Each structure stands twice: as C-alpha cells, then as structure tokens.
Amino acid sequence: MGLAIAVVLTLITAVSVSLISAHFWWFPVDVATHGPAIDHLFTLTFIFTGAIFVLAQLGLAYLIWRYRDRGQGGKATYLHEPAMLQVTWTLIALILFVGLAFMGHRTWAHMHYTGAQPGALRIEVWGEQFAWYFRYPGPDGRFGPIHPSLMDDSMGNYLGLDRPHDQASKDDIVTATLGIPADRPVQLILRSKDVIHSFFVPELRMKQDLVPGMEMPIHFTATEDALNHDGGRYEIVCTQLCGMGHYKMRAFLQVMTEKKFEQWLKQEAAMQ
Amino acid sequence: MGEVQRGPEQRKRFVGKYIFSVDHKVIGRQFYFLALFAALVAMLLSWVMRLHLGWPNVQLPLLSTLSPAGAPGGVLTPEYYLSLLTIHGTLMIFFVLTVAPQAGFGNFLLPLQLGAREMALPRLNMLSFWTTFAALGVLLSTFFISDGPPITGWTAYAPLSAAGSITGPGEGMGQSLWILAIALFCLGAVLGSVNFIATTLGSRARGMTLHCLPLTCWAWFLTAVMILLSFAVLLAACLLLMMDRVGGTSFFLPAGMVISGDLIHRGGGAPLLWQHLFWFFGHPEVYITILPAMGIISHILSCFSRKPAFGYQSMIYSMMAIGFLSFMVWGHHMFVSGMNPYTGFAFAVLTMAIAVPSAVTIFDWLGTMWGGKLRFTTSMLFAIGFVSVFVTGGLSGLFLAQPPLDVYLHDTYFVIAHLHMIMGLAGTFAIFAGTYFWFPKMFGRMMSELLGKMHFWLTFIGAYAIFMPMHFLGFEGNPRRYAALTDNFLKPLIPMHRFITIAALITGAAQLLFVSNFFWSMFRGEKAPDNPWEGTSLEWTVSSPPPPENFSGGTPVIYHGPYEYGVPGSEKDYVMQNSPEKIAGG
C-alpha cells in the first residue's frame, strides 16, 4: 500500500509538471506593453511553486514508502519538538513568501500607482446586462454628462446623453467595438449602468470590475505586435457574474494603426 | 449552566432521544447526517452542471420534472445553471464544510476528548442544530418556488442580489429566501461556537491542561472563536442586504442605476461595502472550514504513524496565527474590485504572511510521518491525500496572492481549481479521514476497509483528474460561472471540459461506495472494540458507542499529553492520556 501511494503521488507530480512545462494549455499571446513584466512574474512564480510542489509531493511519497510499517516490531522514533529546526524553516518560509509578495509589488505599482500618461487616449467603457458600450470624447476631448433618466436602449441612447442641450455631449462617439491605436497609451474609464461587471481581455493581461456608482480608470498601451495576431481583434469578456446572460456578454477590442484608427473613429462619428 | 440531569435512558421517548436530544453525541451525529445529505445534493447538482458544460444540449428528463421552467425538455437554461451553482456553493461551503468537521465531529468528540460528560450548554446545542436544520430547509425550498433559486453564486454580490427581481430570474423570492437561510445559518453557527468555547474552557477533566488537549480540540476551540467573530458580521451583512430588498434602504445601491431600462430610485449606497462585509466573513470562513480539518489530520497522522504529533506546540501556534491573520486578508478577494491599489499591496503581503503558518503545518505533518511506522488504514490514506491536495491548493494560492497575477487569474477556472483543492477537497478528505477513523466510536461498528480503500483510490485520483485540468483552463483565461462556452477562444477548450465532466461522473459515482459502506456498516458492520486504532485520547477509553453519560466510572484524570506513541521503555507502543503509567519525558 505504501509503495502504491508513493507511485501514484510521483505519477501525479510528473504528469502535472510535464503538462505545465509543455505549455499544452497556456496563456494567449501577450499584446500589452506591461505584459512581459506580468509574464515574467508568472514564470518566476511557476518555478518557485513548481520546486516546492515537486519537493513536497515527492517528499511525501518518499516518507510514505520509507516509513511504512514493515511488521518487524519495534517502535517509531520518539520525537516531539525539535525547536531549532522549526524556527529555521519558519524563517525560510517567511523570507521566501513575503519576498515573493515584494517582487510582485513592482509590477503592480507600475500598473496601478500611477495614472495614465498625459495625452493618453481616453475612452469610457460601459457595461450593462449584457452588453458593452464604448464612448470616445470626440474632438473637444470632453465627455458629456450622463443622465440616467435618459438612458433608453430602444432609442439608441444607451448612455443617457442629452446631445441637444449638453455642449460636451454633441461630439461624443458611442461604439459597440473598442477600437484603439497600437503603440499609444490608452486610458479606459470603466463604468456600469446596473450591476457589477468585469472587463477582461486575456491578451492584455488586464481585468477590472465595473462598479455602478464608481469610475474606475485603468491604462495600458497595446504593442505594435498586437496588429499581427487575429487581425488585431481580441475578445472582451465579462468575468463578474452579472445575471443570466453573463456567459454571452462580449465585445471586441480592435487594435489598429493610428491612421486606420482615425478613419474608423470618423466613420463611427458619422453614424451617431 | 451546569449539566442537564437526565432520568434513566430507557424512559426517554424516541423523540427526546433521537430528535430533540440534548445529548452532544446525538447532536453531533445529527449535524453529520445533515452535512452528508447536503453533500449528496450538492454533488448531484455538480453532476448536472458538469454534464451541461460538456454537452450543453444533453437532455435530463428528471430535471424538467423538478423545474419545468429551469430545464424545459430536460435541457438546462443558462439561468438555471446559475441557480444550481449558487446552491451547490452554498450547500458545500456552509452546510457541508462548515458543519461536518466542526459541528459534526466537534460536537460528538469534544466532550469525549476533554473528559466531560456533556457540552457546557446542551440546550443551546440543540437549538444550534435545529436552527441549522431550518436554514437548510429554507435554502432548499427555493427549488420549489416558481422563481427558482437565486443566480448570484454563494457570494451574492450586490447590487445583483440587492435590487430585486428586476436583475434576473431567481432574484425575487429566491434571493430573499437565500438571505434568510444564511442568516439562520449564522445564528446556528454562533450559538454552536459559544457552546464550544464554554465547553473547552470550562468542562475539562482534571489534569486536562491546555497543553494536554488533543490538536482536534485546539482546532475546534480556535474555530469557534473565529465563527463567533466572523459569522456575526455576515449576519449583520445579511440583514442589511435584506433591508435593501424589502425595506427600501440603500446600503449597497448607488444613485443612478438603470436596470433593464428602469431607473432605480435609490442612492448613496456602495456595492463594494457588501464585498468588504462578505469577505470579512468569507476569508475567515475558509479557515473555519480548514482548521478543524487540520486538527483532525494531525490527530490521525500521529495515530497511524505511531509517533507523537511532530511540533504539537508549533501546530497550535500556527493555527492561532492562521486564525488571527485570517481576519486581515479579506482584500485579496478584491484586487480587481476597484479597491484602492495601495490596499491591494498590503493585503498581498498579509496573504503571503498567512502562507507561513500554513507551510509550518505541512512541515509538521511530514515531520510526524518521518521516522514513523505508518499503518495504511483508509483513514490514514485520506489523511495522506489531504496533505497532498493541501500542498497543491496552497501553492496555487501563491499565484492568486500576487495582485498582478490575480488580475489575470481572478474569476477564471484557476480560482475554481484553487478553492476546490484547498477547501473542497482538503475539507472533504478530512471529513472522510475522520469518518473512517471515528465511525467505530460513533456507531459502534467497523467500516469495511476494502470498500474504503477502493473509495480512496477512485476519489484521490479522480480529484486530481477533475481539478488539475481546471488550472489549465485558467491559464487559457476561461471565466468561471459561464453557463456555456460560446466565445471563440473558449470553444477549443470544450474537449477539456468533457474530460473533466467524465472524471467528475466517475469520482462522484465512487462516493456511492462510501455511502453504501457507511450505511451497511452502520447496521451490519463488525462490532467495534473500544480502541480499534490503538489511539491515546480519551474517546478511546470508553465503549463504542459511548454510554449516555460518556464516562461510566466517573470523570477521568489525565496524566499525559495526547500523542504519546512509541514511548521508549513503555510496554505498548502507546500510552493513553488517562494511564497513570510514568513515562520518561512525558
């Protein structure tokens, strides 16, 4: 029995480690400038946890096999509290784990402690059950005010703009696709009309909840390389349970060259 | 309050003896059966969900009988999928993992292991059980109302859960009943915890100092303290949520919400407040389910390694540290919620800090086995399985504890894998280990070791087959709580989902081995001796099952610590806690 568990534990360890290191099922391509730092942190964490995983599981397997009761009589080792040993490994664990937290901190700080660069393209991302809308401020660079009482999907006024009366609203552009230029800083301001949604683009390595009543800014820059995969088109999915249609709440991120982006935005503006 | 005076056992009527009993041994078994029932229902629900994920158009005729609206023609609707996952999560986390290791085993064993005749507050204990029972009834009643169960998952995030039926099916009466069920559960849990604390501090036998307590008792005691502090908060949060739904308040509803085209005339509330309150309960809750499991596993590993529990003191300090820190890490559920990013870093460091005492417990378990003489009973096998899944689930936690990585993995199947490994599997493995270990004491008969071992192998291998691939789904970015996989990047993952479904069906079917072994042994099993595993703690000094008054010859006197196995110079390889035998260094 001891041998059987030891073998099964070893097999589980071997299969898990080889499937992970073979990257059969793996992260999608990474198309944001902050992506490599995150992927690097992932690699480090994989190595760190992988080493512990192998050591612990194989250690367990070894102990089970080595110290199985062989029916030869006698007693087990009588041992209670080797204090030095315990202090040592507690300290080692403390340094390793908390060290890992501080390593991750730099990437986090870079993403979240600073705002978007000045001159970043500002876009509002709106979620509702179960659709996405995106708003561009237009040539004046200002978003018009939102009037919840005017929100009416059937009239096409998804965000409750009062275009006849609000100057800033007049040139606002509301789209169903999130079009962005490559290689230019983008600031998204996430807002929700109803319940909590979450904005997730796996290729951007980015996720942020949209909370009603709050405006949540995030920022990123898509790389030039983003144009080269899937025609620059990436799925935006909702990852916060938002109701019955949660699984099909989806839109697309379209990364374009600067020139194409300007054209696209003009076309969209003409359709308002 | 003193012990309850009871007349001769024969004169007690059936109802008083088995139903409205104040005997901790009956109440413990009642809690255990409640958890067993909840676990079976939850497992059936998971089967339906898994089948649906693998084969979305599969017809389950039985299902359309249960809910014609939720499964017309036997095909699950997306909203009913969400209802099932809500009830699956709620049943497992509250009614199985919180109930069985703590209220089930704890009630049965705490007085026996302390050398007490009864729990300190037997009537409160009975009230605790019946409140929990009512909570379960209210929760399951949601299946039988036209609205169906709620669709918000076990976390019930506001405003989805707060704005009423306008937010979706199940969000009318179903969600209100869910809140009522959880509020009742909180009440039952708090009543039980008071009793555990009072009993541990006040009803110990002579000589049973805190340094002689079995680790199980320490775990139950510390967990009771955590329950007292955290379930009270959830109870308050549930009341606030209910007020938002029926009282017209706006604790969680901000101004300017437009749901399904209707402007909601409320304002001033904060959706994040619910998350803070919920996770202030929710994270300690994770450890509330796992601390008793840690105690049980330490106890069993020591017995079947025939060796003192390695690092008895460090295990106690680790559990205290885990209990203490568990109240300071709730924010790691909220890295992408919109919480201040600086707070995110603080929670990341504290979360990594809680990994330290967790790692120490693993060292202690490995240390217990090191140099031992391991006996591979079914109970021991599940204890070993526990250590393995606890390591695996703990390590995936190191990814989620780092905010930049959590941003990618949050709300994907990676989280499902993590929580099932560390909480679901570790918790159920501990329940299984405890069941095979204490069944003889609880029911007076032995369980079949052959069936038990078959059950172990299928469950252990099956568990990895189900949950290891879910990590890979998480790498691919597969969001959780999706009723169907319609996105382009998810479609290639359907074969993986089918593999998981098949593994889940087989592993689930293997649980029938357990159930049949359980009930067969209860009536037909070999009669159990007092101390079948050659254990040292006090429950093994009394008959199996124990007499109503627990210790017939008067309360025992304690001379030794709880894990005196393999004592040099002693006649046998174990010295029981009440044995007056002198031992070197003991």
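Residues numbered from 1 in each chain as written. Chains lettered and ligands numbered in written order. Predicted model: local features only at pLDDT ≥ 70, side-chain atom pairs only at ≥ 80, totals over all residues.

**Quick word on the overall build of chain B**
Link 1 in the chain: Scanning chain B for helices and strands turns up 15 helices and 2 strands.
Link 2 in the chain: Computed over its C-alpha atoms, the radius of gyration of chain B comes to 24 Å, within 12% of the 25 Å expected for a compact globule of 586 residues.
Link 3 in the chain: The proportion of buried residues among the 586 residues of chain B is 63%.
Link 4 in the chain: Partitioning the intrachain contacts of chain B with sequence separation of at least 6 by distance along the chain shows that 79% fall at a separation of at least 24. (Helix = DSSP H or I, 4+ residues; strand = E, 2+ residues; numbered from the N terminus. Rg over C-alpha atoms; globule rule 2.2 N^0.38 Å. Buried ≥ 20, exposed ≤ 12 C-beta atoms within 10 Å, placed from the backbone. Contact = placed C-beta atoms within 7 Å.)

**Observations concerning the interface of chain B and chain A**
Link 1 in the chain: At the junction of the two partners, chain B supplies 96 residues and chain A supplies 86 residues.
Link 2 in the chain: Within the residue set of the side of chain B that touches chain A, elements represented by two or more residues are helix 4 (78–114), strand 1 (258–259), helix 8 (271–305), helix 9 (312–325), helix 10 (341–369), helix 11 (378–400), helix 12 (403–409) and helix 14 (449–475) of chain B.
Link 3 in the chain: At 15 residues, the largest contribution of residues to the side of chain B that touches chain A is made by helix 10 of chain B.
Link 4 in the chain: Classifying every residue of the side of chain B that touches chain A gives 62 nonpolar, 24 polar and 10 charged. (Nonpolar A, V, L, I, M, F, W, Y, C, P; charged D, E, K, R; others polar.)

**Remarks on unusual backbone geometry**
Link 1 in the chain: Cis geometry marks the peptide bond from A:Gln129 to A:Phe130; its omega dihedral reads 0°.
Link 2 in the chain: Position of A:Phe130 relative to the elements: it lies in the loop between strand 1 (121–128) and strand 2 (131–136).
Link 3 in the chain: At A:His23, a residue that is not glycine, the phi angle is positive and equals roughly 55°.
Link 4 in the chain: Tracing the backbone through its elements, the reader meets A:His23 in the loop between helix 1 (2–21) and helix 2 (35–66).
Link 5 in the chain: In the Ramachandran plot, B:Ser260 falls in the positive-phi region, its phi being about 45° despite a non-glycine side chain.

**A closer look at the sheet that holds strand 4 (residues 178–181) of chain A**
All names here are of chain A.
Link 1 in the chain: With respect to topology, 5 strands assemble into an open sheet ordered 4-10-9-6-7, the strand pairing being mixed. Sheet topology places strand 4 and strand 7 (206–210) at the edges, where each strand pairs with a single neighbour. Looking at each pair of strands side by side, their axes are set apart by 25° on average, direction ignored.
Link 2 in the chain: Pairing geometry for strand 4 and strand 10 (residues 250–256), over 4 bridges, is parallel. Bridge pairing in strand 10 places leucine 178 opposite leucine 253.
Link 3 in the chain: Relative to strand 4, helix 4 (residues 258–270) is tilted by about 145°, and along the sheet it contacts strand 4 and strand 10. (Pairing = 2+ DSSP bridges. Axes fitted to C-alpha atoms, helices over the stretch in contact; angles between N-to-C directions.)

**Overview of the environment of A:Pro145**
Link 1 in the chain: Within the fold, A:Pro145 resides in the loop between strand 2 and strand 3 (173–175).
Link 2 in the chain: Classification of A:Pro145 as exposed rests on a count of 12 C-beta atoms within 10 Å.

**Structural notes on the pairing of strand 2 of chain A**
Residue and element names in this part refer to chain A.
Link 1 in the chain: Two strands pair when backbone bridges link them, and strand 1 and strand 2 are joined in this way by 5 bridges, in the antiparallel orientation. Looking across to strand 2, one finds that glutamate 124 is bridged to arginine 135.
Link 2 in the chain: Here strand 1 folds back onto strand 2, and the loop between the two strands holds 2 residues.
Link 3 in the chain: When strand 2 meets strand 3, the two strands line up antiparallel, connected through 3 bridges. Among the inter-strand pairings, tyrosine 136 is bridged to a residue of strand 3, identified as isoleucine 173.

**Here's the deal with the confidence of the model for chain B**
Link 1 in the chain: The predicted model of chain B averages 94 in pLDDT, with 97% of residues at 70 or higher.
Link 2 in the chain: For this predicted complex, the interface confidence score (ipTM) comes to 0.96, while the overall pTM stands at 0.96. (pLDDT = per-residue confidence, 0-100.)

**Things to note about the packing of helix 4 of chain B against helix 6 (residues 173–202) of chain B**
Residue and element names in this part refer to chain B.
Link 1 in the chain: At a minimum axis separation of 11 Å, helix 4 and helix 6 run at an interaxial angle of 25°. Judged on the interaxial angle alone, helix 6 and helix 4 are roughly parallel. Viewed along their axes, helix 4 and helix 6 form a crossing whose handedness is left-handed. On helix 6, the residues touching Phe94, Thr98, Ala103, Gly106, Leu110, Pro111 and Leu114 of helix 4 are Phe185, Ala189, Gly192, Phe196, Thr199 and Thr200.
Link 2 in the chain: For the contact of helix 4 with helix 6, the per-class residue count stands at 8 nonpolar, 5 polar and no charged. (Parallel < 35°, antiparallel > 145°, perpendicular 65-115°, else oblique. Left-handed = near helix turned anticlockwise from the far one by under 90°.)

**Concerning helix 11 of chain B**
Link 1 in the chain: Its 23 residues give helix 11 of chain B an end-to-end C-alpha distance of 33 Å, which sits within 8% of 33 Å, the value for a rise of 1.5 Å per residue.
Link 2 in the chain: Counting buried positions along helix 11 of chain B yields 23 of 23 residues, so the element is predominantly enclosed. (Expected span 1.5 Å × (residues − 1).)

**Brief notes about the sheet that holds strand 3 of chain A**
Residue and element names in this part refer to chain A.
Link 1 in the chain: Taken in spatial order, the 5 strands make up an open sheet running 3-2-1-5-8, and their pairing is mixed. Strands at the two margins of the open sheet, each flanked by one partner only, are strand 3 and strand 8 (216–221). Sheet twist, expressed as the mean angle between neighbouring strand axes with direction ignored, is 25°.
Link 2 in the chain: Bridge analysis of strand 1 against strand 5 (residues 185–192) gives 7 bridges, and the strand direction is parallel. In the strand pairing of strand 5, glycine 127 is matched with serine 192.

**Examining the environment of A:Met216**
Link 1 in the chain: Structurally, A:Met216 can be placed in strand 8.
Link 2 in the chain: When neighbours within four sequence positions are excluded, A:Met216 is seen to be in contact with A:Leu190, A:Gln208, A:Asp209, A:Leu210, A:Val211 and B:Gly338.

**A closer look at the nonpolar core**
Soluble globular proteins: nonpolar side chains tend toward being buried together.
All names here are of chain B.
Link 1 in the chain: Membership of the largest hydrophobic core comes to 273 residues, with the highest contact counts inside it found for Val96, Ile297, Phe386, Ala426 and Ala433.
Link 2 in the chain: A per-element tally of this core places helix 4 first, with 22 residues.
Link 3 in the chain: Every residue in contact with phenylalanine 386, bar those within four places of it in the chain, is listed here: Ala293, Ile297, Ala426, Phe429, Ala430 and Ala433. (Core = buried A, V, L, I, M, F, W, Y, C linked by C-beta atoms within 7 Å.)

**Some words on the environment of B:Thr536**
Link 1 in the chain: Turning to its location among the elements, B:Thr536 is positioned in the segment after helix 15 (494–524).
Link 2 in the chain: Residues B:Thr536 and B:Leu229 lie 307 residues apart in sequence; the distance between their C-alpha atoms is 33 Å.

**As for the packing of helix 2 (residues 24–54) of chain B against helix 4 of chain B**
Residues and elements named next belong to chain B.
Link 1 in the chain: Look at helix 2 against helix 4: their axes get within 7 Å of each other, and the N-to-C directions meet at 155°. It follows that helix 2 is roughly antiparallel to helix 4 by the angle criterion. The chirality of how helix 2 crosses helix 4 is left-handed.
Link 2 in the chain: Here the contact of helix 2 with helix 4 is composed, by residue class, of 26 nonpolar, 7 polar and 2 charged.

**Here's the deal with the pairing of strand 7 of chain A**
Consecutive residues of a regular strand have side chains that alternate between opposite faces of the sheet.
Residues and elements named next belong to chain A.
Link 1 in the chain: Within strand 7, 5 of the 5 residues are buried, which leaves the element mostly enclosed by the surrounding structure.
Link 2 in the chain: Residues Met206, Gln208 and Leu210 of strand 7 are buried on one face, and the alternating residues Lys207 and Asp209, pointing to the opposite face, are buried as well.
Link 3 in the chain: Here strand 6 (residues 197–201) pairs with strand 7 via 5 bridges, running antiparallel. What sits directly across from valine 201, in strand 7, is methionine 206.

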